[in-house]
Amino acid sequence: MPSNPDWVKALKPSGPQGSELLAQERAKSSLNVDQLADFLFTRQVLERNERILKILQAEPVFDKSQNYFRGREARIEAALARGKRLQQLSVQHKWSKEEFQTANDLVSEPTPYGLHASMFLVTLREQGTPEQHKLFLERAEAYKIIGCYAQTELGHGSNVRGLETTATWNPEDKTFTLHSPHLTASKWWIGSLGKAANHAVVMAQLFVNGKNYGPHPFVVQIRDLKTHEPLPNVHVGDIGPKFGYNTMDNGFLLLKNVKVPHVNMLARFSRVDPNTNKYVRPSNPSLIYGTLTYIRSHIVLQSGSVLARGVTIATRYCAVRRQFQDRDAPAGEIGENQVLNYTMVQIRLLPLLAATYALHFTGKGMINLYQENQKRMNGDVGKLADSNRAPGPEELNPGTDLLADLHATSCALKALGSTTAAEGLEVCRRACGGHGYSSFSGIGSWYADYLPTVTWEGDNYMLTQQVSRYLLKSARSVLKGNPPDNDTTRILKEFISRRDIGAAFDVIGSDTDLVAAFAWRVSFLTFEALRHRDEDKQSWNSLLVDFWRLSTAHAQYMVVKNFHDALNDPNTTQQLDPDTVTVLHKLFRLYALNTLEQEASEFYSSAAVTVRQITLARTKAVMKLLEEIRPHALRLVDAWKFPDWQLDSSLGRYDGKVYEDMFYRASELNPLNSVVFDPYPDSKVLFRKDERANLRSKL
Amino acid sequence: MADFTYRLRPAEPQGPSILASERAGSNVHVEQLAGHLLWRNDFLQRQKRIVAILERIPIFSKKNQLNMARPDRYQLGLARAKSLRRLSIEHGWDRDDYLMADYLVDEMGPYALQTSMFATSIREQSTDRQRAHWLPKLERWDIIGCYAQTELGHGSNVKGIECQARWDGHTKEFVLHSPTVTASKWWNGALGRTANHAIVVAQLLLPEPGSDTDSDSPAAQDRGATGSRSRYKSYGPHQFIVQIRDMATHQPLDGIVIGDIGPKYGYPAMDNGYMLFHQFRVPHSALLARYSGVDADSGAYMRPQNPAVVYGSLTFVRAQIVMHARLVLARAVTIAVRYLAIRRQFADRDHNHDQKTTPGPAPEQAVLNYPTVQIRILPLLATTFALHYTGEAMYQLYHGTREAIERSGDFSRLAEMHAASSGLKSLCTTLAADGIEICRRAMGGHGFGGASGMIALNNEYLSKPTVEGDNWMITQQTAAYLIKRMTAVAQTLGLAPKDELDLQFQEYLAVNANSNTNGNGAGNTTATAPTPSTRNFDILANDAELVRAFRHRASHLAYQAYRARVVEKKPWTSLMINLHRLSRAHSESLLVSHFHRAVFESSAAGADLDLDEPTLDVMRKLFRLFALFTLDASASEFLLSGAISLQRLQAVLPTVQDLMAQVRPHAVRLVDAWSVPDYLLESALGSHDGDVYNRLFRRAHRDNPLNRWTFNPDWRSEEIVMGEGAENARTRLDALALGLDNTGYERSGLATTTKSKL
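Just so we're clear, the structure is a prediction, and the values are computed from it rather than from any experiment. (Residues numbered from 1 in each chain as written. Chains lettered and ligands numbered in written order. Predicted model: local features only at pLDDT ≥ 70, side-chain atom pairs only at ≥ 80, totals over all residues.)

Q: Summarise the interface of chain B and chain A; cite the residues concerned and give the values.
A: Chain B puts 126 residues into the contact, and the matching count from chain A is 122 residues. At 10 residues, the largest contribution of residues to the side of chain B that touches chain A is made by helix H4 (residues 70-91) of chain B. Here the side of chain B that touches chain A is built from residues that sort into 61 nonpolar, 44 polar and 21 charged. (Contact = placed C-beta atoms within 7 Å. Helix = DSSP H or I, 4+ residues; strand = E, 2+ residues; numbered from the N terminus. Nonpolar A, V, L, I, M, F, W, Y, C, P; charged D, E, K, R; others polar.)

Next comes the structure, spelled out in structure tokens:
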């Protein structure tokens, strides 16, 4: 890259320097950042992150400086090299699963080994018999075979029962034939399949003696272990560039009558008896159901930190960036106003800042509940079998009442959390103004890589149906007078008992009333939907929009409740200074009141609040909270403890050297500036000079 | 590469037959509607003619774009820009033809500024003498230009830019200088690698009379402006035309540093640049002096005649942005509607499936039949038309205003146009940008894929909410204007209304007058604002009432803002959120009004062709859908302003669902009417014939360069491409890591075999 002349090197940004502005910001607040960070993540985890960061930064292969400039092929290559190095380091340092995950989070891009390390191993572990563990899992754990999980097809995603790939049992030679009868049967989107994997767990419709038993998992070798070329009758490749996730080789796979031995059908829950040629039913499918609940709870927790990255970048930049003089500034006062002082910027960023904390506490609350429940459940495994189901996870009935409640909640929260994070990131990007559009903002690519979460592990809109189905069922049980005891039925009962008395919640003055108003709205919408379905006999499809709103309302209630519970937990008050608790409490109120104001018409329709209260929330309460939180904004994002290396952002640097870094990346890291172009239309030559070849020869 | 996959077909039913039956199920007159929407400048014929030319030229193929690295995309962009220019000459294209080709190629390329901002500045800001000098060079493309206003530290606030142009009375030159790194020009299109001339916007500094100008010797200036003893006064930002690169070597001139600013969310083919000056001298004639200038003898400043003219061209850019937004959104909606009509997922839960007559699982439903999909897509379909009619109205307003200025020096409508264009730019680009992303997500997994055609669309268009005036910042302009107008109406009893806005505000105040102490807001100093009386417009039965409800809500917010700012003197900053809402409410009211006028009043804006009754009927439903959906999204503002009652609000969503069910059968034909060619859609999901799955597969399988490589996945080996050897992989990846690789083709002999097939 060309180096800058001395007169350019000597230049500084004008006015107060970014580093000074951030220092002043940090001085405005006495919030104890380290204490808050320890409380959120624990000291132990933070120290571990620092240790792993040092290891990664020392490795040239993880150097990020060219990431934003590369094309798809170069990115995949670099990602493969990084994936290899991560695995080597993992062996060398004997990393635990959490440590390996931390390393991946810090590198912040998917690698072609991503699905091997997650879904392939998990599926072999959870759905394989001990014999299959020995045969497949042990080799997979040693990376002797590289695998992926091939469920989704070109023509079918969420609806697992509609898969077209077939696996037909051959009684004569005790094998299965896997086959793709149509083009739409092609496996599609499968991570690690396109270029990296030599094995796949293939979900296929099982046919035994002409009868279809639904989708089941089969281990299929797809590439030669030596040449890595596809095996005969296997057609496999990468599906091409995507919105994001371009370091992952999402792939397609077509099979033409490929035979696998009997042992390749993962048989922990259901199997074909090779002697009788009979299908043997699944024994305990609700375990899978639990896994999904667990995965979704993690998505909720993760959504908080995903969003926090965008909020960190935008908040720091908006504290450094100054634009226009305050219209009401006294005549003598010169200099432009920090953008973060504008209420139109605050109203976009500060509720999102509150949401990062809200989602974090909600995710943690969910995971705790899940773990407690698992302990309880382990006592009565086996009582839960239900033999009338195919093992598509979406179609299972609840195992226990508590798990059902947890499962419905996890669906609702996954939809809300991932939508909030994805949309919030774009709000953050736009709040950065023009520079938000630069790759160096670090938000655009992060958003693009996160987006699949909105549709995977249950499409956010599809999930809302499951939530509503559960809420309707609970409401029916409350009306019949035989409800199971859980939070959902409690709020529904409360609503019924006060329906004819009225609510009158003091949402501005009382936190418990604020939470209760959210519960009231959910209950109101639930019984409304129930009336439409059961009394008016409206079709399921015609109610989908109501269900979507209902599920969103339920999730918002859960977030507000979890945030409130977390603040009132004795642990919290023990570990944090009272001042910090006060600020967190303001964040809670901002999240709740801002949400209430956004959804005002539903709160008003349900008679949870009056028009006057909404007006007050809008004009007084929210505005006051913005003003009160504003001085702490920078420290509140600091507490998320993202290293600069992970953010990879000019705008979000901890030290505020925004403009220096933008200029450095543009002028010194940018390969385009090594090439001198010919600009004239009538000349067919593109280059007048290309310095890259010279520089390359010096390597 | 023939293999067994070539014989496979998608499972039934096939996309093309689905779209055929969709098209058979509607009586919307596609050609008529297309002509109604796209009559201006012979758009449809022109589009057809130019697509046919571009499609045949390999360099305009878009299929590999998403695989390419940024530096390669710029090269391709430059090659295309050159080619378009040569095609213009070869085919005798006029300016509209050239713009059409540019629109179809669909990337912001390195010549984009030459024909827009660079040319506009020379035309509009130059003296006749300057024009005579520069225009022929511009038109012959002897010079390649750009427009350098925005800086690293300053965007929307033009007054704050730091680049200086200091007048040196001794040599009769201006000295361009960048005192800080934040003074660096930044984001300026075509500056990075392409342009050899630039319009530079800099603070004009003139010596104060009586200061010691002798110190303006070159030696003193080397110490920089602050080292000089003379005092300077700033006259604000002015435009200078400056040669920035050597015409023979294309290297930056001495005293100038230029480069490309690096990759962005989108715009990969554009070399947005940075530029710094070090005491760089330009002649007196560099200052574009049509409206203001510096006297070369005395160094005195000559005032601009009418400063408003300066923002005239920016206003035009904003008017065009609205027209462009409708076509962008129409593209996203076209892809979504076609694909979602074809895509099937899950059987209907209430469907009584008779296993005896039709064995096997119940048939899956078209995704477009789900109300949760409809409520995302169909209101956006309606929005494309709403944007269209407002774009037409803005177009007329712009030309009317411009004509009035040029013919009779009448500037009276400029403020209105500017205010309307700010709010509309903000709202329309937000609607389109968010709409693209809503469409993309509604398509599920395949929407995330490169073959959706939505990736580049999203990437390119997402610049719009923050360029040409940030969407949040510029709403202040609209709000300030509305407050001014409301103040006039509220404080002048019996003001003779000069336009619809006066009438609208007067009507609002007349009804709410009983809450005011003396019938005019100025005298009312009580702390609490009057509660609006509930008008409860009959929005469900009467379309005109629906329009009035939007106007009422906008008037209410304008009145509240007037009270807060003018009567109660609240700080501007504390009101910004309300101001943003006011601008949005007013702009939505404009969209609804223009749409209503176009489909309910004959001979309204933009129609040179009447629609037949069935088509018009569908358009009226789309109007209701747009208006009611928009109302529902801001329901609390309508409630709080008293425009509607809670009871009416509760009937809105069922009505919206009902309207969607009525519009649903026409969806495919309605998007057909937007006539977006497959070449522009560049989408396997949205092509006109509906052959979705064959196209998706072909792109992955045959058009994907990654599948030419076999990788080595074993983590113990450093080899990346199978058989290349660890050492080779290391050198290659080092070059990659340092940004020194040329193209993917260098990796092996494959380059020659692939190239030879061309």
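Moving on from the model shown.
Q: Would you mind going over the packing of helix H16 (residues 543-567) of chain B against helix H17 (residues 572-600) of chain B in detail, with residue names and values included?
A: Residue and element names in this part refer to chain B. H17 packs onto H16 with a crossing angle of 155° between their chain directions and a minimal axis gap of 9 Å. Between H16 and H17, the angle is such that the two are roughly antiparallel. Two packed elements cross with a definite hand, and for H16 against H17 that hand is left-handed. Within the contact of H16 with H17, the residues separate by chemical class into 13 nonpolar, 6 polar and 6 charged. (Axes fitted to C-alpha atoms, helices over the stretch in contact; angles between N-to-C directions. Parallel < 35°, antiparallel > 145°, perpendicular 65-115°, else oblique. Left-handed = near helix turned anticlockwise from the far one by under 90°.)

Q: Explain the domain arrangement of chain A to me, using residue names and the numbers behind them.
A: Per the domain assignment, the segments making up chain A are domain 1 (59-109), domain 2 (118-283), domain 3 (294-327 + 336-379 + 392-638) and domain 4 (675-699). Computed over C-alpha atoms only, the centres of domain 3 of chain A and domain 4 of chain A are separated by 53 Å. (Domains from an automatic or database assignment.)

Q: An account of the environment of B:Arg581 is needed here, citing residue identities and associated values.
A: Inspection of the secondary structure puts B:Arg581 in helix H17. B:Arg581 sits 102 residues away from B:Ala479 along the chain, and the two C-alpha atoms are 8.8 Å apart.

Q: For H17(B), give the residues involved together with the corresponding values.
A: All names here are of chain B. The end-to-end C-alpha distance of H17, which contains 29 residues, comes to 40 Å, matching closely the 42 Å that a straight helix rising 1.5 Å per residue would cover. The largest bend along H17 reaches roughly 35° and is located at Asn578. Counting buried positions along H17 gives 24 out of 29 residues, so the element sits mostly inside the fold. (Expected span 1.5 Å × (residues − 1). Bend = angle between axes of the 7 residues up to and from the residue. Buried ≥ 20, exposed ≤ 12 C-beta atoms within 10 Å, placed from the backbone.)

Q: So what's going on with the confidence of the model for chain A? Which residues, and what values?
A: In the predicted model, chain A carries a mean pLDDT of 88, and the fraction of residues at 70 or more is 92%. Here residues 381-399 of chain A is modelled with pLDDT under 50, and outside its nearest four sequence neighbours on either side it reaches 39 contacts, counting other chains as well. (pLDDT = per-residue confidence, 0-100.)

Q: Any details on the sheet that holds strand S4 (residues 187-190) of chain A? Residues and values, ideally.
A: Residue and element names in this part refer to chain A. Across the sheet, 3 strands lie side by side as S4-S8-S7; this open sheet has antiparallel pairing. Lying at the two open borders of the sheet, with one neighbouring strand each, are S4 and strand S7 (234-238). Shown here is a sheet whose adjacent strand axes are inclined to one another by a mean of 15°, direction ignored. When S7 meets strand S8 (residues 251-255), the two strands line up antiparallel, connected through 5 bridges. Bridging from a neighbouring strand, Val236 pairs with Leu253 of S8. (Pairing = 2+ DSSP bridges.)

Q: Report on the pairing of strand S5 (residues 199-208) of chain A, specifying residues and quantitative values.
A: Working note: regular strand, side chains alternate between the two faces of the sheet. Residue and element names in this part refer to chain A. Of all 10 residues in S5, 8 are buried, a share of seventy percent or more. As paired strands, strand S1 (residues 149-150) and S5 are joined by 2 bridges and run parallel to one another. Bridge pairing links Tyr149 to Val201 in S5. The pairing of S5 with strand S6 (residues 211-221) spans 9 bridges and is classified as antiparallel.

Q: Pulling in residues and values, what's your account of the sheet that holds strand S7 (residues 256-260) of chain B?
A: All names here are of chain B. In space, the 3 strands of this open sheet follow the order S4-S8-S7, with antiparallel pairing throughout. The outermost strands of the open sheet, each flanked by one partner alone, are strand S4 (185-188) and S7. Neighbouring strand axes in the sheet, compared pairwise and without regard to direction, differ in orientation by 15° on average. In this sheet, strand S8 (residues 273-277) lies alongside S4 in antiparallel orientation, the contact comprising 2 bridges. If you follow Asn188 over to S8, its bridge partner there is Gly273.

Q: Summarise the environment of B:Ala635; cite the residues concerned and give the values.
A: With respect to the helices, strands and loops of the structure, B:Ala635 is situated in helix H19 (residues 635-640). Residue B:Ala635 is classed as buried on the basis of its 21 C-beta neighbours within 10 Å. Between the C-alpha atoms of B:Ala635 and B:Leu649, which are 14 residues apart in sequence, the distance is 7.4 Å. Apart from residues lying up to four places away in sequence, B:Ala635 is in contact with A:Ser601 and B:Leu649.

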